[in-house]
Amino acid sequence: MTGYFTEEGSVAAVNARMTEHANPRVKDIMSLLVKHLHAFVKEARITQDEWDAAIVFLTKSGQICSSERQEFILLSDTLGVSMLVDAINNRREHGATENTVLGPFYVAGAPHRQMGDTISLDGKGESCLFEGKVIDLQGNLIAGASIDVWSDNADGYYDVQQPGQQPKWNNRGRFVTGSEGAYQFVGIKPVSYPIPDDGPVGQMLKHLGRHPYRPAHMHYIVTAPGYQKVVTHTFVGDDPYLASDAVFGVKETLVAVYEQLTDGPAKWRSPFDFVLTRERS
Ligand code: BEZ
Ligand code: FE
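Owing to the predicted nature of the structure, the values given are computational and were not obtained by experimental measurement.

Looking now at the domain arrangement of the protein. Domain annotation of the protein identifies domain 1 (1–45) and domain 2 (94–196 + 212–276). For domain 1 versus domain 2, the distance between C-alpha centres works out to 44 Å.

This part covers the pairing of strand β1 (residues 127–136). Within β1, eight of the ten residues are buried, which leaves the element mostly enclosed by the surrounding structure. Looking at chain direction, β1 and strand β11 (residues 268–271) are connected through four bridges and run parallel. Counted as the bridge partner of Phe-130 is Ser-270 from β11. Two strands pair when backbone bridges link them, and β1 and strand β12 (residues 274–276) are joined in this way by three bridges, in the parallel orientation. In the sheet register, Asp-136 faces β12, and the bridge partner there is Leu-276.

In this section: the coordination of the iron ion (ligand 2). Within the protein, Tyr-158 (OH), Tyr-193 (OH), His-217 (NE2) and His-219 (NE2) serve as the donor atoms for the iron ion (ligand 2), at 1.9 to 2.1 Å. Because the angles between the six donor atoms bound to the iron ion (ligand 2) fall within 55 to 165°, the donor set is best described as irregular. Read N to C, the donor residues that coordinate the iron ion (ligand 2) are spaced as Y-x34-Y-x23-H-x1-H. Of this pair, Tyr-158 sits in the loop between β2 (146–150) and β3 (172–176) while Tyr-193 sits in strand β5 (residues 193–194); the two residues are 35 residues apart in sequence, bridging distant segments of the chain. By the burial criterion, Tyr-158 is buried, and Tyr-193 matches it.

Once that is clear, we can look at the sheet that holds strand β8 (residues 230–236). In spatial order, the strands read β3-β2-β7-β8-β9; together these five strands make up an open sheet with mixed pairing. Only two strands of the sheet have a single neighbouring strand rather than two, namely β3 and β9 (255–256).

About the cut-offs
Residues numbered from 1 in each chain as written. Chains lettered and ligands numbered in written order. Predicted model: local features only at pLDDT ≥ 70, side-chain atom pairs only at ≥ 80, totals over all residues. Heavy atoms only, no water. Domains from an automatic or database assignment. Buried < 20%, exposed > 50% of the residue type's maximum accessible area, 1.4 Å probe, protein only. Helix = DSSP H or I, 4+ residues; strand = E, 2+ residues; numbered from the N terminus. Pairing = 2+ DSSP bridges. Donors = N, O, S within 2.8 Å, 3.2 Å for Na, K, Ca; no water. Tetrahedral: all angles 85-135°; square planar, octahedral: opposite > 155°, others 65-115°.

Structure below.
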């Protein structure tokens, strides 16, 4: 073998360049990537113009990224890769609360709030009481569990998308369960919204005849000592985008009930229990 590049021997030519000094895991991953990428280019018969367009797409994706905008996460999400990586790495027993995408709008360090507090600070939207328990697979209550919650506002934007327009930490908060393992807070019934679609990923969705909407959801990170971290959402059950979420985040077990209240602290009530599984040893 000459080591020269040929169309037929393209994969071998590239992968043979890796030496015994290569990091073994990087070597495994990159040789598979080269194998599948070359097969894709060959099967799709990519033209020079198409490859140039792909390079422009990636360049623009990088250029639009900032501390508030992550186009590559949007790309991964809209191609279903985020959900696939999440699924492979978070297989859980039946009955445990399932994971879904984190999304780009999580901000660590939200204010700690008391049970029953409201997280909605802008006075917009339809108030909703969120309540339930954090339990294990046997139904035992988990005290000291942390619930980090965030949602969009009634206009479909997260606080970080509208700095200066929305109060800081609007629709965000952290709660810790007491001895009853219960949680309760008031937020708003979230609304469906488009993922940021004014960049290359938005263009891609248009070329694919896809809409950019996510069905209305509340985001949660639930943690407790000795239990697996759950990164998840609960979805509004009658949302028109449930079956066509732009980022494939919906799972049947995460679709929550929203019932209208005639009196009480809010217009709506959405009960949901989080079921945690023990940390893997
Ligand atoms: C979100 O739900 O916040 C989200 C997830 C993926 C892409 C964009 C937004
Ligand atoms: Fe979201």
